[in-house]
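Structural characterization, general
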Amino acid sequence: MCDYDNAIFRLATETEPEPEDYTGEDGLLYCGSCRQPKEAYFTEGKGLFGRDRHPKECDCQRKRREKQEAADRERKHRDTVEELKRRGFSNVAMRQWTFGNDNGKCPQMDKALFYAANWEEMKAENIGYLLWGKVGTGKSYFAGCIANALMEREISVCMTNFALILNDLAASYKGRNEYIDRLCRFPLLILDDFGMERGTEYGLEQVYNVVDSRYRSRKPLIVTTNLTLEELQHPEDTAHARIYDRLLEMCCPVCITGENIRKATAQGENGTVKRTDERKGEPMNNDTSKTSRTAAPLDVKPDLVKRIGNTTFDIHIHFSETSRETFTDKVVRLIENDKDSVTN
């Protein structure tokens, strides 16, 4: 018998004992930990290579095997999800837009949970969402939660925007049809910030091509937009009308009414502006707000530097809990006040 045959023989008929293992009264090898047999007899009259027994998993061996198999499956799953997110997201920050990271301030988030939980029905019925509402209310985050949830289930999703799509189409003139076909092969396509792309004749034509191709693919589409439902239902011209009609036919409108996340991140709307006149090199506090008269320390780096003519404005932000004046309003007012003082 050659070495290969010997190896096969040993694997098929012999069990390597551990120091704590022992031989039972039935003549079989037993595990010293779980007390279960590591061998079993062939049925009467059967055998292999002249032996009457074969290896058998004890409980310890089975648990180790199942644990290793589970680790292998999890590693393979994570690799698959990582690849889906690498290909599916146009921005790495989108990976963090998950239900687990949600701050709970979007009243409509239950609709995102419902969509993800009932994906098979949504896919079968070709149901999409048209997420509309004011700027900063979490429409993109809402869509990202759905995308991440589906990717975790190894479902391929593409989340992008028309600005990127139009750039890609312009760079691959001969491959436009293949590019659009590739978008349509994703089980779910998410178009973020719809309406922010170029409104040229070429741009609108390409937008329609993508939307119409997705429509004909009979696959779900989710769109986020700052356009109002009124604007979508009453477009300004035929070019926009045929795009909006397709979207409204494919997608169920959902108004997102969460608080403005960007304003909440900024922690307020009001600011204190300090101006430095280059001609004198002396700081001047032009803050006329009744809600805050706190000047920024001279050694603090300004939050924004704006040069107008011979004057450089060093802008420091001080947030107020009571003022209704926005930061932009304040900057404009202070500049106008400065202009009036020079005129007078």
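One structure accompanies this document, and this report is about it. (Residues numbered from 1 in each chain as written. Predicted model: local features only at pLDDT ≥ 70, side-chain atom pairs only at ≥ 80, totals over all residues. Heavy atoms only, no water.)

1. Things to note about the sheet that holds strand S8 (residues 221-225)
Ordered in space as S6-S7-S8-S5-S9, the five strands form an open sheet in which the pairing is parallel. Every interior strand has two partners, whereas the edge strands, strand S6 (157-161) and strand S9 (251-255), have only one. When the angles between neighbouring strand axes are averaged without regard to direction, this sheet yields 15°. Bridge count for S6 against strand S7 (residues 188-194) is five bridges, and the pairing is parallel. Each residue of the ladder has a partner; that of Val 157, found in S7, is Leu 188. (Pairing = 2+ DSSP bridges. Helix = DSSP H or I, 4+ residues; strand = E, 2+ residues; numbered from the N terminus. Axes fitted to C-alpha atoms, helices over the stretch in contact; angles between N-to-C directions.)

2. What to know about helix H8 (residues 201-217)
For H8, spanning 17 residues, the distance from its first C-alpha to its last is 24 Å, which sits close to the expected 24 Å at 1.5 Å a residue. Those residues of H8 that sit buried are Gly 203, Leu 204, Gln 206, Val 207, Tyr 208, Val 210, Val 211, Asp 212, Ser 213 and Arg 214. Elements that come into contact with the buried residues of H8 comprise helix H6 (162-171), helix H7 (176-185), S7, S8 and helix H10 (238-250). (Expected span 1.5 Å × (residues − 1). Buried < 20%, exposed > 50% of the residue type's maximum accessible area, 1.4 Å probe, protein only. Contact = heavy atoms within 4.5 Å.)

3. Focus: the packing of helix H2 (residues 59-88) against helix H5 (residues 139-152)
For any two helices packed against each other, the geometry comes down to the angle between their axes and how far apart the axes lie. It is the contact of H2 with H5, at a shortest axis distance of 9 Å, that shows an interaxial angle of 145°. Crossing handedness for the pair H2 and H5: right-handed. For the pair H2 and H5, contact is made by His 77, Arg 78, Val 81, Leu 84, Lys 85 and Gly 88 and by Asn 148, Met 151 and Glu 152, respectively. A breakdown of the residues in the contact of H2 with H5 according to their chemical character gives three nonpolar, three polar and three charged. (Left-handed = near helix turned anticlockwise from the far one by under 90°. Nonpolar A, V, L, I, M, F, W, Y, C, P; charged D, E, K, R; others polar.)

4. With respect to the packing of helix H3 (residues 109-117) against H5
Running from amino to carboxyl end, H3 crosses H5 at an angle of 25°, the nearest separation of the two axes being 9 Å. For the element pair H3 / H5, the angle class is roughly parallel. You can see that H3 and H5 cross each other, and the crossing is right-handed. Residues Met 109, Lys 111, Ala 112, Tyr 115 and Ala 116 of H3 form the contact with H5, whose own contacting residues are Tyr 141, Phe 142, Cys 145, Ile 146, Ala 149 and Leu 150. Residues belonging to the contact of H3 with H5 are distributed by class as follows: ten nonpolar, no polar and one charged. (Parallel < 35°, antiparallel > 145°, perpendicular 65-115°, else oblique.)

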